[in-house]
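Spelled out, the chains give:
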Amino acid sequence: MEKRSKKDNSLAAAAAIYLTAGRFRPMEEETPKELLTDSPPAAAAAAASLLTDDLIVEILSRLPVRSVHRFKCVCKLWRNLIALPAHRKKLPQTFAGFLYTTYPGGYRHHLAGVSATAVDSVDPSLAFLGPMNCTKIRLLGTCNGLLLCSCHHNDEEERLVVCNPATQRWTELPPPPQPQPPAEFCAQHLAFDPAVSPSHFHVLAFESTGKDYHLTGVSIYSSRTRAWTHRNAELLDKIVLSYGSVFVGGMLHLPGDLCTDRRTEQDDGFVVVVVDMEGKTWKTVRVPRGLYTGAIGWSQGCLHCATRSQDDEWGEEVAVWCLKDSDTSQEWFLKHTVRIDKLIDLLEMEYSVSGFHPDCDTIFFVTRGLYDGDSWEASSLASWDMRRLEFRTIRYLANGSGGTYLPYVPMFSELTLADGNMH
């Protein structure tokens, strides 16, 4: 019998992984025909036995995070390989939770975790930024494991820092060029895609002007060139940016509102601004009608948006919309609606939409009690499962929480910010 090469063994092993993928798909998902096979289980097991630990990890590192977690069910060996801390540098990580800040007594940072493993392995206090000698650190944004911060020392001007809380590496950016008066910086956002380049990122500092503070330009920092460039906003409408952003396909998506003089009776004026990393391509996508926007996020391969509105009975509803192809389409599809007043007592509590789970049909809320003049009482992180129609409180937040809640997925690769400082 002809001796099989290592390449043949590797192909057989990869096929075994595919077979296993079909055997361990969730019950609600239909198994694709290409995964069905008449090969006996013994053949698949024999092929799988040819895999070395390093090859298993290398193959798993190229799969979506949901597939990796399904493969924990294959056997104890695979489960242990995936859970090994040394392999986290290669394997995709699941959604950890939301970074947030408490204000009374100084700025303190926390992680409201939805994954116990991530909470145990990441220190959200940012103590590793001690060499910056900051008296105040503001969290500005997250993107694929990196965190953009604004550091202040007493009354000095802010310094922008990009850091990786999982590896405790960080780098300080040079100050952006000062916008021409009367413009000022209204928002800074981070853009990072490790699939394109695990070591390079962009920071976009948007400028606003006029009495309505509409968007007029952007300064863009590239970690590759280590320099800032400036571009004017090539938009036909006057737009005021809101909170949050999504970076996908080389484009940054930001929620915003049309200035009041540009709205109509049929249009509430909510938009998503889309800009590339050179500031040369700009476009706007109208958001479906609602009382106001709740959040945007990337989930299961498409852009999501949540809008809030009131019905005739003064109940409050959250609608979840999906833009399946933001590059070629500007049509939103209604994915789900939920009556919030049926879940919480709106006379006793307030709520905000925090974001979407990147891998499943779950939307997150922050619920809080009445404002006591300093902070909200009894804040908590809650979730609504759009498939199972289940609402649950995940955890209570630290006292004095407020501001924005930033979605966070750890990135353990040491290639990220490889040239940065490390505590």
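Along each chain, residues carry numbers from 1 onward, in the same order as the chain's sequence is written. In keeping with the predicted nature of the model, local features appear solely for residues at pLDDT of at least 70, side-chain atom pairs appear and are counted solely at 80 or more, and the whole-chain, interface and lining totals rest on all residues. Hydrogens and water are ignored here; the side-chain numbers use all heavy atoms of the structure.

Q: I would appreciate a short explanation of the sheet that holds strand E20 (residues 350-356) in the present structure.
A: Whenever strands of a sheet pair, they do so through backbone hydrogen bonds, lying parallel or antiparallel. Two strands qualify as a pair provided that DSSP identifies no fewer than 2 bridges between them. Secondary structure elements are defined from DSSP: runs of H or I of at least 4 residues count as helices, runs of E of at least 2 residues count as strands, and each element is numbered from the N terminus. Pairing within the open sheet is antiparallel, and its 4 strands lie in the order E20-E21-E22-E23. Edge positions in the sheet fall to E20 and strand E23 (390-396), since each of these pairs with one other strand and no more. Each neighbouring strand pair of the sheet contributes to a mean axis angle of 30°, computed without reference to strand direction. Bridge analysis of strand E21 (residues 362-368) against strand E22 (residues 380-385) gives 6 bridges, and the strand direction is antiparallel. Residue pairing across strands places Val366 opposite Leu381, the latter belonging to E22. Comment: axis = line fitted to C-alpha atoms, over the contacting stretch for helices; angle = value between 0 and 180 degrees taken between N-to-C directions.

Q: I tried to follow helix H3 (residues 53-60) on my own but got confused; where do I start?
A: Whether a residue is buried, partly exposed or exposed follows from its accessible area with a 1.4 Å probe, protein chains only, as a fraction of its type maximum: under 20%, in between, or over 50%, in that order. Within the sequence span of H3, burial applies to Ile56, Val57, Ile59 and Leu60. The arc enclosing the buried residues of H3, seen along the axis, measures out at 165°, which places them on a common side. Regarding the arc, it is the one traced by the directions from the helix axis to the C-beta atoms.

Q: What is the right way to read the side chain of His152 from this model?
A: If you trace the backbone, His152 turns up in strand E4 (residues 146-152). Exposure remark for His152: the relative accessible area of 13% places this residue in the buried category. At 3.0 Å, the side chain of His152 forms a polar contact with the side chain of Ser150. Here, residues are in contact when the closest pair of their heavy atoms is within 4.5 Å. Sequence-distant contacts of His152, defined by excluding residues within four places in its chain, comprise Cys134, Thr135, Lys136, Arg138 and Glu158. What qualifies as a polar contact is a pair of N or O atoms within 3.5 Å, subject to a donor-acceptor requirement within protein and to the restriction that residues adjacent in sequence count only when both atoms come from side chains.

Q: Just checking my understanding: could you explain the nonpolar core for this structure?
A: For soluble globular proteins, nonpolar side chains are generally found buried alongside one another. Among the nonpolar cores identified, the biggest contains 34 residues, and Val162, Phe201, Val203, Leu204, Phe206 and Trp282 are the most heavily contacted of them. Beyond its immediate chain neighbours, meaning those up to four positions away, Phe201 contacts Leu146, Val162, Thr171, Leu173, Leu190, Ala191, Phe192, Tyr221, Ser222, Ser223 and Leu417. To define a nonpolar core, start from buried Ala, Val, Leu, Ile, Met, Phe, Trp, Tyr and Cys residues and group those joined through side-chain atoms within 4.5 Å. The next biggest cluster of nonpolar side chains, apart from the first, holds 20 residues, and it includes Ala96, Leu111, Leu126 and Leu406.

Q: Teacher, can you tell me more about the confidence of the model for the protein chain here?
A: In low-pLDDT regions, the fine details of the predicted coordinates are not to be read closely. How sure the predictor is of each residue is captured by pLDDT, a score from 0 to 100. Of the residues in the protein chain, 74% reach a pLDDT of 70 or more, and the chain-wide mean stands at 79. Within the protein chain, no element has a lower average pLDDT than helix H1 (residues 6-23), which sits at 46, and none a higher one than E22, at 95. Every residue in residues 21-38 is under pLDDT 50, and counting partners more than four places away or in other chains gives 20 contacts.

Q: Got a minute to help me understand the environment of Arg339 in this structure?
A: In this fold, Arg339 is placed in strand E19 (residues 333-339). Separated by 20 residues in sequence, Arg339 and Ala319 have C-alpha atoms that sit 8.9 Å apart. At 2.8 Å, the side chain of Arg339 forms a polar contact with the side chain of Asp341.

Q: Whenever I open this one, the sheet that holds strand E24 (residues 401-408) confuses me. Can you help?
A: Here we have 3 strands laid out as an open sheet, ordered E2-E1-E24, and antiparallel in their pairing. Here the strands that pair on one side only, and so sit at the sheet edges, are strand E2 (108-113) and E24. Neighbour-to-neighbour, the strand axes of this sheet turn through a mean angle of 25°, independent of strand direction. Here strand E1 (residues 97-102) pairs with E24 via 5 bridges, running antiparallel. Within E24, the position partnered with Leu99 by the bridge is Leu406.

Q: What am I meant to see in the packing of aromatic side chains here?
A: One pair of aromatic rings is described through two measures. These are the centre distance and the angle between the planes. Centres within 6.5 Å make a pair out of two Phe, Tyr or Trp rings, where for Trp the six-membered ring is used; the pair is then stacked when the planes are under 30 degrees apart, edge-to-face when over 60, and tilted otherwise. As enumerated under the stated definition, the model contains 9 aromatic pairs in all. Between the aromatic rings of Phe95 and Phe364, the centroid separation amounts to 5.5 Å while the plane-to-plane angle is 40°, which identifies the pairing as tilted. Taken together, the positions of Phe95 in the loop between helix H5 (76-83) and E1 and Phe364 in strand E21 put the pair 269 residues apart, joining distant regions of the chain. With relative accessibility at 2%, the residue Phe95 sits in the buried group. For the ring pair Tyr100 and Tyr405, a centre distance of 5.7 Å and an interplane angle of 35° mean the geometry is tilted.

Q: I keep staring at the pairing of strand E13 (residues 251-258) and nothing clicks. Help me out?
A: Successive side chains on a regular strand alternate, one facing one side of the sheet and the next facing the other. Of all 8 residues in E13, 8 are buried, a share of seventy percent or more. Every second residue of E13 is oriented toward a common face, with Met251, His253, Pro255 and Asp257 on one face and Leu252, Leu254, Gly256 and Leu258 on the other, all of them buried. With 3 bridges joining them, strand E11 (residues 239-241) and E13 adopt antiparallel strand pairing. Directly across from Val240, in E13, lies its bridge partner Asp257. With 3 bridges connecting them, strand E12 (residues 246-248) and E13 associate as antiparallel partners. From the neighbouring strand, Phe247 faces E13, where its bridge partner is Leu252. Remark: 2 residues form the turn of the hairpin made by E12 and E13, two consecutive strands paired antiparallel; Gly249 in that turn has positive phi of roughly 60°.

Q: For this particular structure, what's the right way to read the pattern of salt bridges?
A: Between side chains of opposite charge, a pair can form as their charged atoms come close. Any carboxyl oxygen of Asp or Glu that lies within 4 Å of a side-chain nitrogen of Lys or Arg is treated as forming a salt bridge with it. Going through the model one piece at a time under the given rule, you end up with 8 salt bridges. One salt bridge in this structure joins Asp237 and Arg286, with 3.8 Å as the shortest N-O distance. Note that Asp237 is positioned in the loop between strand E10 (227-232) and E11 and Arg286 in strand E15 (residues 282-286), a separation of 49 residues in sequence. In this structure Arg286 comes out as partly exposed when scored by relative accessible area, which is 36%. Salt bridges sharing common partners tie together Lys335, Asp361 and Arg387.

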